[in-house]
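Listed below are the residues making up each chain.
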Amino acid sequence: MNDLNFLRLIFELGGSFQNVNNIDLAIKANVSKASISDRTQHLSKLGLVKYTKYYGSKLTKKGLNDVIPLIQQHRLIETWLYEKLDIPLSDIYDKATALSDHPDLLLIDRLNIHLEYPQTCPHGNIIPINSAIPIYSADSLLASQNISETTFKIVNFTEDSYLFKILSNIDIKLSDSIKILNINDYDHSMVILNLRNNLKQILPKNITKMIHIEKVKETQKSV
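Residues numbered from 1 in each chain as written. Predicted model: local features only at pLDDT ≥ 70, side-chain atom pairs only at ≥ 80, totals over all residues. Heavy atoms only, no water.

A. Representation of the overall build of the protein chain within the structure. The number of helices and strands found in the protein chain is nine helices and seven strands. The globule rule puts the C-alpha radius of gyration for 223 residues at 17 Å, and the 18 Å found for the protein chain is close to it. In terms of overall dimensions, the protein chain has C-alpha extents of about 50 × 45 × 30 Å along its principal axes. At a minimum sequence separation of 6, the contacts of the protein chain that also span at least 24 residues come to 62%. Here the protein chain has roughly 12000 Å² of accessible surface; of this, 53% comes from carbon and sulfur atoms. (Helix = DSSP H or I, 4+ residues; strand = E, 2+ residues; numbered from the N terminus. Rg over C-alpha atoms; globule rule 2.2 N^0.38 Å. Contact = heavy atoms within 4.5 Å. Areas by Shrake-Rupley, 256 points an atom, 1.4 Å probe, with all protein chains shown as cover.)

B. Inspection of the packing of helix α2 (residues 22-29) against helix α3 (residues 33-45) at higher detail. It is at 9 Å that the axes of α2 and α3 come closest, and there the two elements cross at 105°. Judged by the angle between their axes, α2 and α3 are roughly perpendicular. Side by side, α2 and α3 meet where N22, I23, L25, A26 and A29 of the first sit next to K33, I36, S37 and T40 of the second. For the contact of α2 with α3, the per-class residue count stands at five nonpolar, three polar and one charged. (Axes fitted to C-alpha atoms, helices over the stretch in contact; angles between N-to-C directions. Parallel < 35°, antiparallel > 145°, perpendicular 65-115°, else oblique. Nonpolar A, V, L, I, M, F, W, Y, C, P; charged D, E, K, R; others polar.)

By themselves, these figures tell us nothing about what the structure is for.
Encoded structure:
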């Protein structure tokens, strides 16, 4: 994986606005934690990330500027594969990764024209430059919520190949409204009720950490 694609992984884990720890990066990149330490220190020397011991890595302004065109291209290709070529949602992340080694400004321009400048990719994540980069907090993660009567809406999924393969086997989709019924004290897995299909589903913590939600207002529920 080249440096630019490694920066993409940091971005996808929220590295534009928060520190990303080495363990999460190692899992996402499928490499050892030692390899991650070597790479982040290398990128830090190049001025692309700010690495803080025990806390992890965050993209610098230079790193963010360098990686934004690749993020834009990657998510435009995902949109093209899904909307125009009918590639399954579970496969488009990996295929877009294979097609996005380096950003190609002509390709980005032509995809934008062909797709009419989409604001988000099929996983609900914004397409940079087409839309402003949001700043999420830990409170926006499903994993951070407690048992309550609150109804939540799924607004996006972290770009992650493992997650998308799991989601292809369970009936959870973007924009689903859910309620949290129970949280296991031992492993923090979560039982949710999906109001779209009225199904109860058990989600492990590593999955709930990759789902962003927002509260559904009373006026939205009644519509």
